[in-house]
Amino acid sequence: MRTRTTLTERLALSSEVSAALAEGRPVVALESTLISHGLPYPQNIEVAKASEAAVRAAGAIPATIAINAGRLLVGLDDADLTALATAPAGSVRKAARPSLAAALASGNWAATTVSATMIAAHAAGIAVFATGGIGGVHHGALAGAGPAPQPTFDISSDLEELGRTPVAVVCAGPKAILDVPATLEYLETRGVPVVAVGQADLPGFYARSAGIAAPESVPDLDAAADLVAAQLGLGIGNGILICVPVPEADALPGEVARTVGERAIAEATQERVAGPELTPWLLARIAVLTDGASIRANTALIVNDAGFAGALAVLLAAR
Ligand code: PSU
Ligand code: MN
């Protein structure tokens, strides 16, 4: 009896993704936790399809990644996307590096977070990945807050993954629900370049600015491609985080993003929400507190990131 199945053997590439990679054409990985846990139906399926369309419009092939039947699927079809988007709440696992094996062993559908998506993308040979936001250092991770005086150590495995897996991750910056300065320090310690595009300020996910300077900034897409090529060319192992601000028309004012973020965190602490449930809980609570405006910002920034990543992959493939 076979007792071991390697990561490579677990990969199941769609024929389109497989052909594109074999021919050296640009491919962009997309994650699936934002479909199953990050956004409500029907916005989740709309954004999943719009992200794929944005990657195609830029001239690249989208590869949405998820888990089913013990395989890491790289490239989902419409039926797969619908299955993930319409699954009853709680029925789809959230697979990160620490929960990847359990998700594969379960045999069921699981969605991949940034960390698990990076693992699959890298194993498949995909160097560019677009998402909305990465996980980070949560408030209270390092110092106790409110009624929880002990540090929680809730630091997303996304940050470790960026430190060890050579993939360029395009996002809209760390969310206001995170301890943003601590998240930047952690990424620095792990050797991850954090790059703002088109501005000196770090993009703030729902807001154009997180209110602090980005460690690195480039003026435009071309300069971002130069930096990604330089980073990945070094072969020193870690990834790179490219932060593209949310489109102006759908952004929340920085003050609003911070205020609702703080309120949602205070409520989560009071309700003792912790662990992998915390990020989805905060996102859903912020949607209520902003009367849906956060959902509009979230969908706009995800699709915008996908288009940027498509264009980035096209430039990198041409080198
Ligand atoms: N940011 C979003 N929506 C999301 C996520 C992040 O705006 O759905 C997901 C991503 O998949 C990310 C994960 O990798 O949440 C981080 O979860 P945690 O904080 O539990 O590590
Ligand atoms: Mn966590």
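For the structure itself, consult the block above.
These figures come from a predicted structure and were not determined experimentally.

## Comments concerning empty space enclosed by the protein
With the rule as written, the count across this model stands at two cavities of 30 Å³ or more. In this structure, the largest cavity occupies an estimated 90 Å³ of space. What lines the largest cavity is Leu30, Glu31, Leu34, Ile35, Val47, Ala48, Ser51, Thr64, Ala130, Thr131, Ile302 and Ala306. Secondary-structure elements contributing two or more residues to the lining of the largest cavity are α3 (33-38), α4 (43-57) and α13 (293-317).

## Examining the packing of aromatic side chains
If you walk through the whole model with that rule in mind, you get one aromatic pair. Their ring planes at 70° and their centres at 4.8 Å tell us that Phe205 and Tyr206 sit as a pair that is edge-to-face. When sorted by exposure, Phe205 lands in the same class as Tyr206, which is buried. Over the ring of Phe205 we find Lys175; its NZ or CZ atom is 4.8 Å from the centre of that ring.

## Focus: the site of ligand 1
Surrounding ligand 1, one finds 17 residues, the nearest of these being Glu31, Ser156, Asp158, Lys175 and Thr279. Take Glu31: an N or O atom from its side chain is 2.7 Å from an oxygen atom of ligand 1. Here a nitrogen atom of ligand 1 and a side-chain polar atom of Lys175 are 2.6 Å apart. Its atoms largely coinciding with the cavity grid, ligand 1 occupies the largest pocket. When contributions to the shell around ligand 1 are tallied by element, the ones reaching two or more residues are α3 and α12 (278-289). For the shell around ligand 1, the element with the most residues is α3, which contributes three residues. Of the residues belonging to the shell around ligand 1, the class tally is four nonpolar, nine polar and four charged.

Cut-off values and rules
- Residues numbered from 1 in each chain as written.
- Chains lettered and ligands numbered in written order.
- Predicted model: local features only at pLDDT ≥ 70, side-chain atom pairs only at ≥ 80, totals over all residues.
- Heavy atoms only, no water.
- 1 Å grid on protein atoms, 1.4 Å probe; cavity = no way out; pocket = protein on both sides within 12 Å on 5 of 7 lines; lining within 4 Å.
- Points joined across faces, edges and corners; volume = space filled by probe spheres on them.
- Helix = DSSP H or I, 4+ residues; strand = E, 2+ residues; numbered from the N terminus.
- Phe/Tyr/Trp six-rings, centres within 6.5 Å; stacked < 30°, edge-to-face > 60°.
- Buried < 20%, exposed > 50% of the residue type's maximum accessible area, 1.4 Å probe, protein only.
- Lys NZ or Arg CZ within 6 Å of the ring centre and 35° of its normal.
- Near = heavy atom within 4 Å.
- Polar contact = N/O pair within 3.5 Å; in protein donor to acceptor, adjacent residues only side chain to side chain.
- Sits in = over half its atoms within 2 Å of the grid points.
- Nonpolar A, V, L, I, M, F, W, Y, C, P; charged D, E, K, R; others polar.

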